Amino acid sequence: MAKVEKDFIKLTSDPLVLQDIVDLVKDDQAGAISTFCGTTHKTVVRLEYESYIPMAEKEISSIITDVRTKWQLMKVAVYHRLGIVPVGETSVIIAVSSVHRHESLKAAEWLIDTLKEKVPIWKKEIYNDGSSWKENTKSKCC
């Protein structure tokens with residue numbers, strides 16, 4: 001019997017496709033799939049993300065372990081872009097499946113909030129008149 005993957009983590013410079021990530025968390029027993037998509041909005045020219053990938057993947061894995069202690073989840077996917085992300089493109093996608101919607105909705109919200117707080121991914125906002133690194137005042141990492 002093949003092992004069924006339940007957690008999917010990816011840090012990539014490639015564009016993120018919501019349907020591809022939703023497909024990863026589909027499960028015949030799931031009554032709900034909740035997603036969060038963070039996109040680059042037009043107040044900036046673009047965003048640039050940097051990360052120490054092994055550390056970030058380890059921390060994402062840890063927060064997925066934590067979220068599984070809070071809610072009954074089936075599958076979880078956390079994908080984050082690195083490098084340049086132009087206006088209108090997606091920077092992060094979180095997808096969670098569960099039997100009932102309450103668990104997946106709460107888990108998706110908790111995951112994005114905790115990811116932004118704990119995972120060592122740094123964001124640089126590029127504006128028309130210059131650039132500045134976004135300071136994450138909630139972050140306890142790095």
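Before any of the text, the structure's been laid out above.
Residues numbered from 1 in each chain as written. Predicted model: local features only at pLDDT ≥ 70, side-chain atom pairs only at ≥ 80, totals over all residues. Heavy atoms only, no water.

1. So, the nonpolar core
What counts, and what does not: By nonpolar core we mean a set of buried residues, namely Ala, Val, Leu, Ile, Met, Phe, Trp, Tyr and Cys, connected to one another through side-chain atoms within 4.5 Å. Think of it in three bands: with a 1.4 Å probe and only protein chains considered, a residue is buried below 20% of the maximum accessible area for its type, exposed above 50%, and partly exposed in between. Every helix listed is a DSSP run of H or I at least four residues long, and every strand listed is a run of E at least two residues long, numbered separately from the N terminus.
Core analysis: the biggest nonpolar cluster contains 25 residues, and Ile-94, Val-96 and Leu-111 have the highest contact counts within it. Counting only elements with at least two residues in this core, the list comes to β3 (46-51), α2 (53-70), β4 (75-81), β6 (90-98) and α3 (101-118). In this structure, Phe-8, Leu-16, Ile-21 and Ile-93 belong to the second largest nonpolar core, which totals 8 residues.

2. Some words on α2
Selection rule: Residue count minus one, scaled by 1.5 Å, sets the expected span of a helix. It is the directions from the helix axis to the C-beta atoms that the arc portrays. Contacts between residues were defined by any pair of non-hydrogen atoms, one from each residue, lying within 4.5 Å.
Under the 1.5 Å per step criterion, the end-to-end length of α2 is 26 Å for 18 residues, consistent within 8% with the ideal 26 Å. Inspection of α2 places Ala-56, Ile-60, Ile-63, Ile-64 and Val-67 among the buried residues, and these make up the whole buried set. Summarising the axial view, the buried residues of α2 lie within an arc of 110°, below the 170-degree limit, and thus occupy one face. In α2, the exposed positions that point more than 90 degrees away from the buried face belong to Lys-58 and Thr-69. As for α2, its buried residues are in contact with β1 (7-12), β3, β4, α3 and β7 (121-127).

3. Describing the sheet that holds strand β2 (residues 32-39)
We apply this condition: Think of it this way: DSSP has to see at least two bridges between two strands before they count as a pair. Note on definitions: angles span 0 to 180 degrees between N-to-C directions of axes, and those axes are lines fitted to C-alpha atoms, for helices only across the stretch in contact.
Strands sit in the order β1-β4-β6-β2 across an open sheet of 4 strands; the sheet is mixed. Edge positions in the open sheet fall to β1 and β2, since each of these has one partner strand only. Pairs of neighbouring strands in the sheet enclose a mean axial angle of 5°, with direction left out of account. By the bridge criterion, 6 bridges tie β4 to β6 in an arrangement that is antiparallel. Within the sheet, the bridge partner assigned to Lys-75 lies in β6 and is Ser-97. Each of β1 and β4 touches α2; the most contacted strand, β1, lies at about 150° to it. Packing against the sheet, α3 makes contact with β2, β4 and β6, and its axis sits at approximately 145° to β6.

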